[in-house]
Amino acid sequence: MSYKIHHLNCATLCPMGSKLINGVGSYIERTKMICHCLLIETNSGLVLIDTGLGTQDILQPKRMGLFFNLMVRPKLDIEETALYQIQKLGFKKEDVKHIILTHLHVDHAGGISDFPHAKIHVYKKEYNQIVGNKSLKLGYVAAQFQHNPHWRVHNSTGEKWNGFNCVKTFEPEIQDILLVPLHGHSAGHTGVYIPSNNESVFHCGDAYFHHNTISKSYKDVPLGIKVFQKLVEYDTTARIRNQIRLTELFNKQKSNMRFICSHDLSEFEYCSCGKNPNNIV
Ligand SMILES: [Zn+2]
Ligand SMILES: [Zn+2]
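A. The packing of aromatic side chains, seen in detail. Following the criterion strictly, the structure yields 10 aromatic pairs and no others. For the pair W161 and F202, a centre-to-centre distance of 5.4 Å together with 85° between the ring planes defines the contact as edge-to-face. With W161 in strand β7 (residues 159-161) and F202 in strand β11 (residues 201-203), this residue pair connects regions lying 41 residues apart in the sequence. Looking at W161, the relative accessible area reads 15%, which means it is buried.

Below is the structure:
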């Protein structure tokens, strides 16, 4: 199968602490992180992996909450939304048939209401974080889910794949795309594997935040990233176990599979100009 994959940045985030996050600049200088989403052209329509922020987040930033707005300082640029970029590529919003979400945090699911026709795929443990809970945990925004999305909730049974368990497949038209449980950062966080003759990609969402986590070692990860992922995680043991598995998989499969996460600017810049992000030094 050969899919055409577009790499989209669907929100620029500007948290403080450039020196801690990138090792450059000062401690109070703001740095740049991105929301790396994928748009996949298939024979039966478009598939979006994560949405970043949506148009309603840009128009009503207060709905994302004071903590997110102050800490992460999103750029709030309507031209970065998935909807704007997809239309700029010449597609209509109705062309997006499936949205696969790594998880439901504010910076990943904000754009689902821009695509009311799409089926929204999420792992059950993650879906459970937003249903029946009167007060959502930090990181989730109820307003992003109030338009009655067409949920496709995937339970925790499935196949083994490259050392991971309970891997799920989707509808026949996209059945070779895989939903890979990578719990830890959030309760039901997953990665998404997209096989392709040209460029197989494993989108790891927020399972890691800096490429050194899987391509080098934990000690090569900037301190600010280590502190941040600890602050926002759901399950430390699961997060670390999955980072170890991803490191093993990277070492085994780096010649066949491109590894990306959601917020690493260098990975996005490599992908945007057709270079392999596994080769970042
Ligand atoms: Zn997250
Ligand atoms: Zn995130």
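So much for the structure itself; the text now carries on.
B. View of the pairing of strand β10 (residues 190-194). Buried residues dominate β10, accounting for five of its five residues. Judged by which residues are buried, β10 turns out to be covered on both faces: T190, V192 and I194 on one side and G191 and Y193 on the other are all buried. One ladder, built from four bridges, connects strand β9 (residues 178-181) with β10; its direction is antiparallel. Its bridge partner being in β10, V180 is matched across the sheet by G191. Linking β10 back to β11 in an antiparallel pair, the connection comprises six residues.

C. Summary view of helix α9 (residues 236-253). Counted at 1.5 Å a residue, the expected span for α9 with its 18 residues is 26 Å, and the 25 Å between its end C-alpha atoms agrees. Every buried residue of α9 is listed here: A238, R239, N242, Q243, L246, T247, L249, F250 and Q253. Measuring from the side-chain oxygen of the N-cap residue of α9 to the backbone nitrogen of T237 gives 3.1 Å; that N-cap residue is D235.

Thresholds applied
- Residues numbered from 1 in each chain as written.
- Chains lettered and ligands numbered in written order.
- Predicted model: local features only at pLDDT ≥ 70, side-chain atom pairs only at ≥ 80, totals over all residues.
- Heavy atoms only, no water.
- Phe/Tyr/Trp six-rings, centres within 6.5 Å; stacked < 30°, edge-to-face > 60°.
- Helix = DSSP H or I, 4+ residues; strand = E, 2+ residues; numbered from the N terminus.
- Buried < 20%, exposed > 50% of the residue type's maximum accessible area, 1.4 Å probe, protein only.
- Pairing = 2+ DSSP bridges.
- Expected span 1.5 Å × (residues − 1).
- Polar contact = N/O pair within 3.5 Å; in protein donor to acceptor, adjacent residues only side chain to side chain.

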